[in-house]
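Listed below are the residues making up each chain.
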Amino acid sequence: MTLAGAGVLSLALVGGASAYDGTNCKAPGNCWEPKPGYPDKVAGSKYDPKHDPKELNKQSESIKAMEARNAQRVANFEKTGKWVYDVSKIPN
């Protein structure tokens, strides 16, 4: 009797784990749904990110500065044969 009860209990636990997970899936694997109060369209809402052009250009500016430093290092290496990592130590 206890063996049959344990089998029913384990079957109930397995069935409960694969039951409703709190999402409404439109298709298998397509279960995204917005939180309550989240707008259908993000554009123009409070969730719309306001991208500042200065912030967007920070990475390209840092890449340009990195390339300029690397060019100085390479020019100094070609001239002297020594690799100097610190650009401030490279004589002009």
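Residues numbered from 1 in each chain as written. Predicted model: local features only at pLDDT ≥ 70, side-chain atom pairs only at ≥ 80, totals over all residues. Heavy atoms only, no water.

A few points about the overall build of the protein
Across its full length, the protein holds 2 helices and 0 strands. Expressed as a percentage of its 92 residues, the buried residues of the protein come to 5%. (Helix = DSSP H or I, 4+ residues; strand = E, 2+ residues; numbered from the N terminus. Buried < 20%, exposed > 50% of the residue type's maximum accessible area, 1.4 Å probe, protein only.)

Some points on the packing of aromatic side chains
Enumeration over the complete set of coordinates arrives at 1 aromatic pair. For the ring pair F77 and W83, a centre distance of 6.1 Å and an interplane angle of 65° mean the geometry is edge-to-face. Classification of F77 by relative accessible area gives partly exposed; the value is 38%. Just above the ring of Y85 sits the side chain of R73; from NZ or CZ to the centre is 4.4 Å. (Phe/Tyr/Trp six-rings, centres within 6.5 Å; stacked < 30°, edge-to-face > 60°. Lys NZ or Arg CZ within 6 Å of the ring centre and 35° of its normal.)

Section: the pattern of salt bridges
Here the structure, examined in full by the defined rule, presents 1 salt bridge. The partner of K58 in a salt bridge is E55, and the shortest N-O contact between them spans 3.2 Å. Pair noted here: K58 and E55 are both in helix 2 (residues 53-80), with a separation of 3 residues, about one helical turn. When its relative accessible area of 46% is taken as the criterion, E55 is described as partly exposed. (Salt bridge = Lys/Arg side-chain N within 4 Å of Asp/Glu carboxyl O.)

Here we look at the side chain of N76
Looking at the element boundaries, N76 is found in helix 2. Classification of N76 by relative accessible area gives buried; the value is 4%. Those residues in contact with N76, other than ones at most four positions away along the chain, are G81, K82, V84, I90 and P91. (Contact = heavy atoms within 4.5 Å.)

So, a nonpolar patch on the surface
Judged by side-chain polarity, V74, F77, W83 and Y85 come together as a nonpolar surface patch covering roughly 460 Å² of accessible area. You can see F77 is positioned in helix 2. (Patch = residues over 30% accessible without salt bridge, like charges linked within 9 Å, V, L, I, M, F, W, Y side chains within 5 Å. Areas by Shrake-Rupley, 256 points an atom, 1.4 Å probe, with all protein chains shown as cover.)

Observations regarding the side chain of R73
Mapped onto the fold, R73 is located in helix 2. Buried within the structure, R73 lacks any salt-bridge partner; D86 is the closest side chain of opposite charge, at an N-O distance of 6.5 Å. Not counting the four nearest positions on each side in its chain, R73 is found in contact with W83, V84, Y85, V87 and I90. (Lys, Arg positive; Asp, Glu negative; His and termini not counted.)

Section: the environment of D48
Take D48: it is sitting in the loop between helix 1 (2-17) and helix 2. For D48, a relative accessible area of 25% corresponds to the partly exposed category.

A short note on helix 2
In this model helix 2 runs 41 Å from its N-terminal to its C-terminal C-alpha over 28 residues, within 8% of the 40 Å that 1.5 Å per residue would give. Of all the bends found along helix 2, the most pronounced is centred on Q59 and spans about 30°. Positive phi shows up at G81, right after helix 2, with a value of about 85°. (Expected span 1.5 Å × (residues − 1). Bend = angle between axes of the 7 residues up to and from the residue.)

Purely geometric numbers; function is a separate question.
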